[in-house]
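Understanding the architecture of this molecule
Listed below are the residues making up each chain.
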Amino acid sequence: MSGIFVTFEGIEGCGKSTQLNMLANWLRASGKDVIVTREPGGTELGEKIRNLLLDGNKGDVFSIRTEILLFEASRAQHVDEKISPAIKSGKIVLCDRFSDSTVVYQGVARAVDPHTVQFLNEFALCGCIPDMTIFPNISVAESFRRIALEDGSRDRIEQEDESFFEKIRNGYLGLAKGNARFFMVDGTDNEEIIHGKIRNEFAERFFKN
Ligand code: T5A
């Protein structure tokens, strides 16, 4: 019995975490065994790596090779310790960010060679590829508006400027285009409308028959 692996991707503030939790609640209410997790992080070691990666300020010395290797180290631990065992035991795993974040943030926005990103992702994933990726799409202006409404604190990556996040958004649009794994939704609709669309698509893909 194999489970289902779903990832949530998009720019900061697009509503990934909100939608992930709504989908988890709906699935649990229908009796499904659901694991909710996130990247970077998701394991004790991964959460320590997360703090290393996200604490601090934009200007802090951080080699790009170090940055990408730390994201991949967190991912390898996550896959081995949590995601693969859960999928093998038939659970539904919902993960806030995964390998597409590295393709877009480190590959597209930080210009790491795409073959290197692909190689490192494959090494960390060991064949653990998502069955579906949910992508709420919002503009960079809306992303900045939502972040400003929150407590005002920005992690090291959130301190990047508008042009960085335009690259991220375009990177996701490029990845999603023609890729059946992706389900892109308009992230500016209200939360319930977005949830309804995600629920319908999820049921269509996994609960039909
Ligand atoms: N990263 C990560 C890499 O560079 N490489 C990698 O390989 C990986 C894995 C992680 C950072 O690490 C980078 C990317 C990121 O910069 P994070 O703390 O996980 O950072 O932050 P984010 O993933 O960006 O998550 P956020 O919490 O900022 O955004 P979400 O999860 O997209 O949004 P959410 O649901 O928390 O909502 C944000 C706000 O918008 C409101 C919510 O109430 C909340 O206030 N909202 C809506 N408002 C209006 N309409 C809607 N439909 C709304 N939905 C939510």
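Right above here is the structure, for reference.
A brief structural summary. (Residues numbered from 1 in each chain as written. Predicted model: local features only at pLDDT ≥ 70, side-chain atom pairs only at ≥ 80, totals over all residues. Heavy atoms only, no water.)

One finds Tyr105, Phe164 and Ile168 to be the most contacted residues of the largest nonpolar core, which totals 20 residues. Elements represented by at least two residues in this core include exactly α2 (44-54), α3 (64-88), α4 (99-109) and α7 (162-176). It is α7 that provides the largest number of residues to this core, a total of five residues. Contacts of Ile168, omitting those with residues within four sequence positions, involve Ile11, Val104, Tyr105 and Ala109. By size, the runner-up hydrophobic cluster in this structure holds 17 residues, among which are Met132, Val185, Ile194 and Ile198. (Core = buried A, V, L, I, M, F, W, Y, C linked by side-chain atoms within 4.5 Å. Buried < 20%, exposed > 50% of the residue type's maximum accessible area, 1.4 Å probe, protein only. Helix = DSSP H or I, 4+ residues; strand = E, 2+ residues; numbered from the N terminus. Contact = heavy atoms within 4.5 Å.)

The next thing to look at is the side chain of Asp100. With respect to the helices and strands, Asp100 occurs in helix α4. Every residue in contact with Asp100, bar those within four places of it in the chain, is listed here: Glu9, Thr133, Tyr172, Leu175, Arg181 and Phe182.

This brings us to the packing of α4 against α7. Running from N to C, α4 and α7 point in directions that differ by 130 degrees, and their axes come no closer than 9 Å. Taken together, the axes of α4 and α7 are oblique relative to one another. Viewed along their axes, α4 and α7 form a crossing whose handedness is right-handed. On the side of α4, the interface is formed by Asp100, Ser101, Val103, Val104, Tyr105, Val108 and Ala109, while α7 contributes Phe164, Phe165, Lys167, Ile168, Gly171, Tyr172 and Leu175. (Axes fitted to C-alpha atoms, helices over the stretch in contact; angles between N-to-C directions. Parallel < 35°, antiparallel > 145°, perpendicular 65-115°, else oblique. Left-handed = near helix turned anticlockwise from the far one by under 90°.)

Okay, the site of the ligand next. Neighbouring the ligand are 28 residues; Glu12, Lys16, Ser17, Thr18 and Thr102 lie closest to it. Between the ligand and Cys14 there is a distance of 3.1 Å, counted from an oxygen atom to a backbone nitrogen or oxygen. At 3.0 Å, a backbone N or O of Gly15 approaches an oxygen atom of the ligand. Expressed as a share of its isolated accessible area of 1,000 Å², the protein-covered part of the ligand is 83%. Among the detected pockets, the ligand sits in the largest pocket. (Near = heavy atom within 4 Å. Polar contact = N/O pair within 3.5 Å; in protein donor to acceptor, adjacent residues only side chain to side chain. Areas by Shrake-Rupley, 256 points an atom, 1.4 Å probe, with all protein chains shown as cover. 1 Å grid on protein atoms, 1.4 Å probe; cavity = no way out; pocket = protein on both sides within 12 Å on 5 of 7 lines; lining within 4 Å. Sits in = over half its atoms within 2 Å of the grid points.)

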